[in-house]
Amino acid sequence: MSPLHSLQLVLLFISMFAMQIDTEPGSNPSFLQTSGKVYTKLKGETVELECKVQNLGENLVVWKQEDRVIFAGTIQVRKDRRMSLTGEKNFPRTNLRIENLKSVDAGNYTCEVEWPGSPLQTTNYLQILEGPIITE
């Protein structure tokens, strides 16, 4: 199965699952932080990209780097052991943690809430700095 086919299946599953969710009026999901952040880290460090959602209920959070899905709910689509989901007190595991940062990790990361309404999303930018290289 090609990666594109796998991605299409995951997105189909998400949309089918989201349509089955019954959300009560007034309990729509929303982000605590409405605009994305810029994170600046050194190569080799760890970052935790925040995605705090109120009233998530049974809805799904999808993390993407550009158009590539990383997590769909708690299912890790992108097989990279450096990436995991974390949470905080009173919030489910919706933050994206990336360890041992590499230059290729730089870019836009979108946290998207899949629910019966239009998808909600916020995009963060991760900048990776590399220290100077000393040559003799």
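The next subject is the overall build of the protein chain. Counting its regular elements, the protein chain contains one helix and 11 strands. Walking the protein chain from its N terminus toward its C terminus, one meets helices and strands in the order α-β-β-β-β-β-β-β-β-β-β-β. Residues counted as buried form 35% of the 136 residues belonging to the protein chain. Contacts spanning at least 24 positions in sequence make up 61% of the contacts within the protein chain whose residues lie at least 6 apart. With an accessible surface of roughly 8,500 Å², the protein chain has 52% of that area assigned to carbon and sulfur atoms.

Of all residues in the protein chain, 76% have pLDDT values of 70 or greater, and the mean over the chain is 80. Confidence over residues 12-25 falls short of pLDDT 50; this stretch has 17 contacts with residues more than four positions distant or in other chains.

Spatially, six strands are ordered β2-β11-β10-β5-β6-β7 in an open sheet, and the strand pairing comes out mixed. Strands with a single pairing partner mark the edges of an open sheet, and in this sheet they are β2 (38-42) and β7 (75-76). Two elements, strand β5 (residues 60-65) and strand β6 (residues 68-72), share four bridges in a ladder whose sense is antiparallel. By the bridge assignment, V62 is partnered in β6 with A72.

Before going further, it helps to examine the nonpolar core. Judged by nonpolar contacts, the single largest core of 21 residues is most densely connected at L49, V61, W63, L96, I98, Y109 and L126. Contributing elements (two or more residues each) for this core: β3 (47-49), β5, β6, β8 (83-86), β9 (95-98), β10 (107-114) and β11 (120-129). Once residues within four sequence positions are removed from consideration, L96 is found in contact with V47, E48, L49, W63, I70, F71, M83, S84 and Y109.

Now for the side chain of Q65. When you line up the elements, Q65 lands in strand β5. Given a relative accessible area of 10%, Q65 falls into the buried group. The contacts of Q65, once residues within four sequence positions are left out, are I70, R78, V104, D105, A106, N108 and Y109.

Evaluated as defined, the whole model comprises six salt bridges. As a salt-bridge pair, D80 and R82 come within 3.0 Å of each other at their nearest N and O atoms. With a shortest N-O distance of 2.7 Å, R82 and D105 are connected by a salt bridge. Separated by 23 residues along the polypeptide, R82 in the loop between β7 and β8 and D105 in the loop between β9 and β10 bring together distant segments of the chain.

Relative to β11, β2 is paired through five bridges, and the arrangement is parallel. In the strand pairing of β11, K41 is matched with I128. If you look at the hairpin formed by β10 and β11, you'll find five residues sitting between the two strands.

Okay, the side chain of T110 next. Within the element layout of this structure, T110 appears in strand β10. Among the polar contacts made by the side chain of T110, one reaches the side chain of T123 at a distance of 3.0 Å. Ignoring anything within four residues of it in the chain, the contact list for T110 reads V62, W63, K64, Q121, T122 and T123.

Rules behind the numbers
- Residues numbered from 1 in each chain as written.
- Predicted model: local features only at pLDDT ≥ 70, side-chain atom pairs only at ≥ 80, totals over all residues.
- Heavy atoms only, no water.
- Helix = DSSP H or I, 4+ residues; strand = E, 2+ residues; numbered from the N terminus.
- Buried < 20%, exposed > 50% of the residue type's maximum accessible area, 1.4 Å probe, protein only.
- Contact = heavy atoms within 4.5 Å.
- Areas by Shrake-Rupley, 256 points an atom, 1.4 Å probe, with all protein chains shown as cover.
- pLDDT = per-residue confidence, 0-100.
- Pairing = 2+ DSSP bridges.
- Core = buried A, V, L, I, M, F, W, Y, C linked by side-chain atoms within 4.5 Å.
- Salt bridge = Lys/Arg side-chain N within 4 Å of Asp/Glu carboxyl O.
- Polar contact = N/O pair within 3.5 Å; in protein donor to acceptor, adjacent residues only side chain to side chain.

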